[in-house]
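If you want the building blocks of each chain, they are given just below.
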Amino acid sequence: MTLSSLVIPVKDVAAATSFYTTAFGADPHTETPYYVGFNLDGLEIGLNPHGHASGMVGPTPFYATEDIEAGVAALVAAGGEVVQPPSEVGGGTTIATVVDADGNHVGLIHR
């Protein structure tokens with residue numbers, strides 16, 4: 001698996017977009033009410049205004065995988081617990097989230 005994205009839960013998407021635009025010195029490539037995306041040297045940094053409501057506890061790394069079901073199964077076999085089963089989020093993208101024994105979220109993404 002390869003680190004593909006880092007998604008950050010935000011409460012005020014406009015304020016967060018302004019902050020990260022300035023901090024990164026880059027404009028977002030996607031700016032919608034449900035997701036704001038930046039590409040920094042090939043790494044997707046996403047702002048999720050619904051992240052807290054969906055259980056995100058902080059920034060979540062998402063790893064690209066060709067087989068998301070197998071990836072989830074491997075993380076569960078390693079002791080993880082499914083937080084969000086594989087779900088289509090639009091544009092042919094499927095994500096899933098697993099939590100480790102310390103409560104850290106690990107995401108998987110398939111495009």
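Residues numbered from 1 in each chain as written. Predicted model: local features only at pLDDT ≥ 70, side-chain atom pairs only at ≥ 80, totals over all residues. Heavy atoms only, no water.

With reference to specific residues and values, describe the overall build of the chain.
Scanning the chain from terminus to terminus reveals two helices and eight strands. In the chain, the succession of α and β elements from N to C terminus is β-α-β-β-β-β-α-β-β-β. Radius of gyration (C-alpha) of the chain: 14 Å, near the 13 Å computed for a compact globule of 111 residues. Expressed as lengths along the three principal axes of its C-alpha atoms, the size of the chain is roughly 40 × 25 × 20 Å. The proportion of buried residues among the 111 residues of the chain is 39%. Sequence-distant contacts, at least 24 apart, represent 49% of the contacts inside the chain between residues at least 6 apart. (Helix = DSSP H or I, 4+ residues; strand = E, 2+ residues; numbered from the N terminus. Rg over C-alpha atoms; globule rule 2.2 N^0.38 Å. Buried < 20%, exposed > 50% of the residue type's maximum accessible area, 1.4 Å probe, protein only. Contact = heavy atoms within 4.5 Å.)

Before we move on, could you go through the sheet that holds strand β3 (residues 35-40) and cite the residues and values that matter?
An order of β2-β3-β4-β1-β5-β8-β7-β6 is seen for the eight strands of this open sheet, with the pairing classed as mixed. In the strand order of this sheet, the two ends are held by β2 (30-32) and β6 (81-90), each with one partner. Neighbouring strand axes in the sheet, compared pairwise and without regard to direction, differ in orientation by 20° on average. Strand direction decides the pairing type here: β3 and strand β4 (residues 43-48), joined by five bridges, are antiparallel. Note on β4: the bridge partner recorded for V36 is L47. Strands in contact with helix α1 (residues 13-24) are β1 (2-9), β2, β3 and β4; relative to β3, the strand with the most contacts, it is inclined by about 10°. Sheet contacts for helix α2 (residues 68-77): β6, β7 (93-99) and β8 (105-110); angle to β8, the most-contacted strand, approximately 160°. (Pairing = 2+ DSSP bridges. Axes fitted to C-alpha atoms, helices over the stretch in contact; angles between N-to-C directions.)

Explain the packing of aromatic side chains to me, and be specific about the residues and the numbers.
On inspection of all chains with the given rule, the structure shows three aromatic pairs. With a centroid separation of 4.9 Å and 90° between ring planes, the pair formed by F19 and Y20 is classed as edge-to-face. Using a relative accessible area of 19% as the deciding quantity, one classes Y20 as buried. Where F24 meets F38, the ring centres are 5.3 Å apart and the plane angle is 80°; that geometry is what we call edge-to-face. One end of the pair, F24, is in helix α1; the other, F38, is in strand β3, and 14 residues separate them in sequence. (Phe/Tyr/Trp six-rings, centres within 6.5 Å; stacked < 30°, edge-to-face > 60°.)

Give me unusual backbone geometry: which residues, what numbers.
The backbone phi angle of D41 is positive, close to 55°, even though this residue is not glycine. Its location among the elements puts D41 in the loop between β3 and β4. In this structure D41 comes out as exposed when scored by relative accessible area, which is 86%.

Go over the nonpolar core with me, naming the residues and quoting the values.
Residues I8, V10, A16, Y20, V36, F38, I45 and L47 constitute the largest nonpolar core, which totals eight residues. Sequence-distant contacts of V36, defined by excluding residues within four places in its chain, comprise V13, T17, P28, T30, E31, I45, G46 and L47. Residues I68, V72, L75 and L108 belong to the second largest nonpolar core, which totals six residues. (Core = buried A, V, L, I, M, F, W, Y, C linked by side-chain atoms within 4.5 Å.)

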